[in-house]
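Listed below, chain by chain, are the residues.
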Amino acid sequence: MQLCGFPAAEVEFDRAGELVGDRGAAVRELAADPAVTDLVVLTHGWNNDHLVARLLYSAMAGSMRAVSGGLPGRRIAFACVLWPSRKLAGLEPDAGLPERLDLLRDLVPGQRLTIDAAADLVPALTVRATARTAFAAALLSVASRGADDPEDASTQLFTLPGGTVMDRLGTTGFADAASHLLDFLAYYEMKARAGEVGVRGLAPLLASLAGPKVHLVGHSFGGRLVTAAANARPAGSVATLTLLQAAFSHHGFAADRDGRPGAFRGVLDERVVTGPIVVTHTANDLAVGVAYAIASRIAGQTVSALGDASSPYGGLGRNGAQRTAEAVTAELLPVGGSYRWRPGVPHNLLADRFVRGHTDVCGPQIAHALWSAIAAS
């Protein structure tokens with residue numbers, strides 16, 4: 001398989017992180033090629049199907065091909081990860097409660113009867129407090145456990161009474177509260193799934209590879225997936241980690257976030273990454289902040305600058321790594337610009353000039369940053 005002239009292979013995981021099809025043989029064969037010195041693992045975020053992921057990978061590889069003829073003595077290849085992610089209904093302008101309920105049914109198919117029971121309560125949400133409480137309680141009961149943490153207020157979500165949750169989320173009414181709750185639960189399930197695929201799927205696959213340097217590149221929830229995989233790998237096993245508008249907490253790499261480390265602090269403490277950790281972030285990315293604005297309401301926050309770098313709840317793709325003393329503050333540079341990378345630490349690249357939105361991650365400036373990081377490894 002070729003991707004814009006680069007050797008490439010696909011690998012697919014199911015929702016539990018199990019390999020699908022050839023069980024990773026194509027990627028192992030690619031990594032075993034003695035001519036391949038660097039394996040770039042590309043991971044998509046929320047998408048409707050594999051076609052969208054493949055278009056993303058083709059665009060990224062094409063941009064890398066366009067901005068550089070390669071590196072002397074180095075030959076890169078791509079491993080393209082496919083995993084069952086879904087686009088959040090809250091990012092679709094015409095999505096209503098039926099679409100949001102359908103998405104949750106798809107994300108937790110074993111809980112359809114409970115979700116249907118919650119759907120039956122929708123007409124009564126505006127008139128009966130007991131219906132609102134029962135609606136929230138039913139939906140909260142279907143969510144996976146184990147991914148709740150204080151970084152996105154999901155811990156509070158599962159301990160507050162259902163009526164309180166609905167009251168805090170109802171900024172313009174209880175239909176609005178129901179939408180926010182469904183959006184957050186969809187985000188929560190995608191967050192849990194990305195972590196599961198990273199730890200149970202990608203990390204073991206990486207452990208089975210021998211030969212090339214490994215460069216992990218994740219967009220959106222794919223950023224969480226590759227970071228979870230890195231967090232499960234030993235010191236020195238990843239050459240670079242690139243997080244393009246990543247959808248996880250801006251405190252993910254923090255040494256101390258209110259008395260506890262960030263979820264992925266181990267990547268830094270264990271020196272998993274030998275080269276730079278690249279983080280693009282911009283206020284132009286409205287999508288990555290959706291869940292964190294809801295989290296702030298769940299926690300009862302009334303901050304004026306909701307989701308910014310000073311907020312308890314904010315996304316890496318908007319603000320970069322926060323409360324992380326090692327993090328380097330820099331900008332995404334034009335093609336030809338010179339980066340000063342430091343090994344093993346996050347580089348918060350302010351991307352306002354070149355990244356116009358959440359999915360705008362295939363530009364030549366990002367390709368140049370990727371080439372530069374690979375060269376520095």
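Peer 1: Quick question: what am I supposed to make of the pattern of salt bridges here?
Peer 2: Opposite charge on two side chains allows them to pair when their charged atoms are near. As enumerated under the stated definition, the model contains 17 salt bridges in all. Between arginine 75 and aspartate 33 there is a salt bridge, and its shortest N-O distance comes to 3.7 Å. Residue arginine 75 is located in the loop between helix 2 (50-67) and strand 5 (76-82), and its partner aspartate 33 is located in the loop between helix 1 (25-32) and strand 4 (38-43); the two are separated by 42 residues in the primary sequence. Here arginine 75 falls in the partly exposed class, since its relative accessible area comes to 36%. Judged by relative accessible area, which is 29%, aspartate 33 ranks as partly exposed. Linked by salt bridges that have partners in common, Glu18, Glu196 and Arg200 make up one network.

Peer 1: Which parts of the structure should I look at to understand the layout of surface pockets?
Peer 2: Where empty space is left becomes clear once a probe the size of a water molecule has been rolled over the atoms. Estimates place the volume of the second largest pocket at around 190 Å³. Lining of the second largest pocket is provided by Trp46, Asn47, Val52, Leu55, Leu56, Lys87, Leu91, Glu92, His219, Thr359 and Cys362. In terms of residues, the lining of the second largest pocket owes the most to one element, helix 2, which gives three residues. Partitioning the lining of the second largest pocket into residue classes produces six nonpolar, three polar and two charged.

Peer 1: Hey, could you run me through helix 11 (residues 290-298) in this one?
Peer 2: For an α-helix the count is 3.6 residues per turn, leaving residues at separations of three or four pointing the same way. With seven of nine residues buried, helix 11 is to be regarded as a mostly interior element. For helix 11, the secondary structure elements touched by its buried residues are helix 6 (154-157), helix 7 (162-169) and helix 8 (174-207). Looking at the residues trailing helix 11, positive phi occurs at glycine 300, about 75 degrees.

Peer 1: Even after reading the chapter, I still don't get the pairing of strand 8 (residues 277-281), so can you show me in this structure?
Peer 2: Successive residues of a regular strand alternate their side chains across the two faces of the sheet. Across the five residues that make up strand 8, a large majority, five, are buried. Neither face of strand 8 is exposed, since Ile277, Val279 and His281 on one face and Val278 and Thr280 on the opposite face are all buried. As paired strands, strand 7 (residues 240-244) and strand 8 are joined by four bridges and run parallel to one another. Within strand 8, the position partnered with leucine 244 by the bridge is threonine 280. Bridge count for strand 8 against strand 10 (residues 346-350) is five bridges, and the pairing is parallel. Opposite isoleucine 277, over in strand 10, you have proline 346 as the bridge partner.

Peer 1: It is not clear to me how the packing of helix 5 (residues 129-142) against helix 8 should be interpreted in this structure. Could you clarify?
Peer 2: Packed helices, taken two at a time, are described by the angle their axes make and the gap between the axes. Packing of helix 5 against helix 8 leaves a shortest axis separation of 11 Å and a crossing angle of 10 degrees. Judged on the interaxial angle alone, helix 8 and helix 5 are roughly parallel. Residues Arg132, Phe135, Ala136, Leu139, Leu140 and Val142 of helix 5 form the contact with helix 8, whose own contacting residues are Phe174, Ala178, Leu181, Leu182, Leu185 and Glu189. Classifying every residue of the contact of helix 5 with helix 8 gives 10 nonpolar, no polar and two charged.

Peer 1: Can you walk me through the packing of helix 8 against helix 11 in this structure?
Peer 2: Following both chains from N to C, one finds helix 8 and helix 11 inclined at 120 degrees, their axes separated by 10 Å at the closest point. Crossing geometry of helix 8 relative to helix 11 is assigned as left-handed. Between helix 8 and helix 11, the residues in contact are His180, Asp183, Phe184 and Tyr187 and Ala291, Tyr292, Ile294, Ala295, Arg297 and Ile298, respectively. Its residues assigned to classes, the contact of helix 8 with helix 11 comprises seven nonpolar, one polar and two charged.

Peer 1: I would appreciate a short explanation of the environment of phenylalanine 174 in the present structure.
Peer 2: Topologically, phenylalanine 174 is positioned in helix 8. Considering only alpha carbons, one finds phenylalanine 174 and alanine 124, 50 residues apart in sequence, at a separation of 9.8 Å. If we skip the residues at most four places from it in the chain, phenylalanine 174 touches Leu125, Thr126, Arg132, Met166 and Asp167.

Peer 1: Looking at this structure, I do not really get the pairing of strand 6 (residues 213-219). What am I missing?
Peer 2: Counting buried positions along strand 6 gives six out of seven residues, so the element sits mostly inside the fold. Taken together, the six bridges between strand 4 and strand 6 define a ladder with parallel strand orientation. Paired with valine 41 across the strands is leucine 216, a residue of strand 6. Following the chain from strand 6 across helix 9 (residues 221-231) to the adjacent parallel strand 7, one finds a crossover that is right-handed.

Peer 1: When you look at the nonpolar core in this model, what are you seeing that I'm missing?
Peer 2: A general trend in soluble globular proteins is that nonpolar side chains are found buried together. Ranked by size, the top nonpolar core spans 124 residues in total, and within it Phe78, Leu181, Leu202, Phe253 and Val267 carry the most contacts. Looking at this core element by element, the count peaks at 16 residues for helix 8.

Peer 1: Even after reading the chapter, I still don't get the side chain of aspartate 176, so can you show me in this structure?
Peer 2: In this structure, aspartate 176 sits in helix 8. The side chain of aspartate 176 is buried and forms no salt bridge, while arginine 297, the nearest opposite charge, is found at 6.3 Å. Every residue in contact with aspartate 176, bar those within four places of it in the chain, is listed here: Leu169, Gly170 and Thr171.

Peer 1: Please clarify how the packing of aromatic side chains should be interpreted in this entry.
Peer 2: We describe a pair of aromatic rings using the distance from one ring centre to the other and the angle between the two ring planes. A complete count under the given rule lists 10 aromatic pairs for this structure. Measuring from ring centre to ring centre gives 5.4 Å for phenylalanine 184 and tyrosine 187, while their planes differ by 50 degrees; the resulting arrangement is tilted. One end of the pair, phenylalanine 184, and the other, tyrosine 187, are both in helix 8, three residues apart, so they sit about a helical turn from each other. Here phenylalanine 184 and tyrosine 187 have matching classes, each one buried. By the ring-pair criterion, three or more aromatic residues cluster together here, those being Trp46, Phe184, Tyr187, Phe221 and Tyr292. The aromatic ring of phenylalanine 174 is capped on one face by arginine 132, whose charged end is 3.7 Å from the ring centroid.

The rules behind the values
Residues numbered from 1 in each chain as written. Predicted model: local features only at pLDDT ≥ 70, side-chain atom pairs only at ≥ 80, totals over all residues. Heavy atoms only, no water. Salt bridge = Lys/Arg side-chain N within 4 Å of Asp/Glu carboxyl O. Helix = DSSP H or I, 4+ residues; strand = E, 2+ residues; numbered from the N terminus. Buried < 20%, exposed > 50% of the residue type's maximum accessible area, 1.4 Å probe, protein only. 1 Å grid on protein atoms, 1.4 Å probe; cavity = no way out; pocket = protein on both sides within 12 Å on 5 of 7 lines; lining within 4 Å. Points joined across faces, edges and corners; volume = space filled by probe spheres on them. Nonpolar A, V, L, I, M, F, W, Y, C, P; charged D, E, K, R; others polar. Contact = heavy atoms within 4.5 Å. Pairing = 2+ DSSP bridges. Axes fitted to C-alpha atoms, helices over the stretch in contact; angles between N-to-C directions. Parallel < 35°, antiparallel > 145°, perpendicular 65-115°, else oblique. Left-handed = near helix turned anticlockwise from the far one by under 90°. Right-handed = clockwise from strand over helix to strand, strands pointing away. Core = buried A, V, L, I, M, F, W, Y, C linked by side-chain atoms within 4.5 Å. Lys, Arg positive; Asp, Glu negative; His and termini not counted. Phe/Tyr/Trp six-rings, centres within 6.5 Å; stacked < 30°, edge-to-face > 60°. Lys NZ or Arg CZ within 6 Å of the ring centre and 35° of its normal.

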